[in-house]
Amino acid sequence: MSTSADMKSTREIFKTNPSLLDEPEVAQLLEYCEQLQDEIVEFKFQKTNNKELAMLDMLKEVIKGCNAIEKEQMEHERFGFEAPAYQETISNLKSYILKRCQDEKIWL
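Right, let's walk through the structure included here. (Residues numbered from 1 in each chain as written. Predicted model: local features only at pLDDT ≥ 70, side-chain atom pairs only at ≥ 80, totals over all residues. Heavy atoms only, no water.)

1. A short note on the overall build of the chain
Then step 1. Of the regular secondary structure elements, the chain holds 3 helices and 0 strands.
Then step 2. Listing every helix and strand of the chain by position from the N terminus yields α-α-α.
Then step 3. Across its three principal directions, the C-alpha atoms of the chain cover 85 × 20 × 15 Å.
Then step 4. When the 108 residues of the chain are sorted by exposure, 12% land in the buried category.
Then step 5. Accessible surface, the chain: about 9,600 Å² in total, of which carbon and sulfur atoms supply 57%.
Then step 6. Charged side chains in the chain number 14 positive and 21 negative. The centres of these two groups are separated by 5 Å. (Helix = DSSP H or I, 4+ residues; strand = E, 2+ residues; numbered from the N terminus. Buried < 20%, exposed > 50% of the residue type's maximum accessible area, 1.4 Å probe, protein only. Areas by Shrake-Rupley, 256 points an atom, 1.4 Å probe, with all protein chains shown as cover. Lys, Arg positive; Asp, Glu negative; His and termini not counted. Charge placed at Lys NZ, Arg CZ, Asp CG, Glu CD.)

Structure, rendered in structure tokens:
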């Protein structure tokens, strides 16, 4: 599989025989290749964009969890309510992040 660094331009491919560019089948093939390149770029953008949205959503959930534990701590200090279960909360947040990353194919 070639990478974008290995890809040659149309001119480079046909430099030894530029008259082939005038052939209708070659022109069709080049047009098809351009469409595929556009689709690949769009797919890569969507893939990146989806991961970015997943990460943002995940971060919002983590912040929400942190806010909840801070509220529990304030209630504990102010009213003597039960102390927050920090270890359980940390474990739950870690499990949530790892599961969500696995689902979204985000490798940390």
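2. Structural notes on the environment of Val62
Then step 1. Within the element layout of this structure, Val62 appears in helix H2 (residues 24-79).
Then step 2. Taking the C-alpha atoms as reference, Val62 lies 14 Å from Tyr86; in sequence the two are 24 residues apart.
Then step 3. Residue contacts for Val62: discarding those within four places in its chain leaves Leu93 and Ile97. (Contact = heavy atoms within 4.5 Å.)

3. With respect to helix H3 (residues 86-104)
Structurally, the α-helix is built with 3.6 residues per turn, so residues lying three or four positions apart point the same way.
Then step 1. The end-to-end C-alpha distance of H3 is 27 Å, a good match for the 27 Å that 19 residues give at a rise of 1.5 Å each.
Then step 2. Burial in H3 covers these residues: Leu93, Arg100 and Cys101. Relative to the axis of H3, the buried residues are bounded by an arc of 100 degrees and lie together on one face. Among the exposed residues of H3, those oriented more than 90 degrees off its buried face are Gln87, Glu88, Lys94 and Gln102.
Then step 3. Looking at the packing, one finds that the buried side of H3 touches H2.
Then step 4. Backbone geometry just after H3 places Lys105 at a positive phi near 55 degrees. (Expected span 1.5 Å × (residues − 1). Arc of directions from axis to C-beta.)

4. Considerations on the pattern of salt bridges
Then step 1. Tallied over the full model, the rule gives 4 salt bridges.
Then step 2. We note a salt bridge from Arg100 to Asp57, for which the minimum N-O separation is 2.7 Å. Within this pair, whereas Arg100 is found in helix H3, its partner Asp57 is found in helix H2, the two being separated by 43 residues in sequence.
Then step 3. Judged by its relative accessible area of 15%, Arg100 is buried. (Salt bridge = Lys/Arg side-chain N within 4 Å of Asp/Glu carboxyl O.)

5. A word on H2
Then step 1. Over its 56 residues, H2 runs 82 Å from end to end, which matches the ideal 82 Å to within 8%, given 1.5 Å per residue.
Then step 2. Among the residues making up H2, those that are buried are Val26, Leu30, Ala54, Met58, Val62, Gly65 and Ile69.
Then step 3. Buried residues along H2 sit in contact with helix H1 (10-13) and H3.
Then step 4. Just beyond H2, the residue with positive phi is Gly80, at close to 75 degrees.

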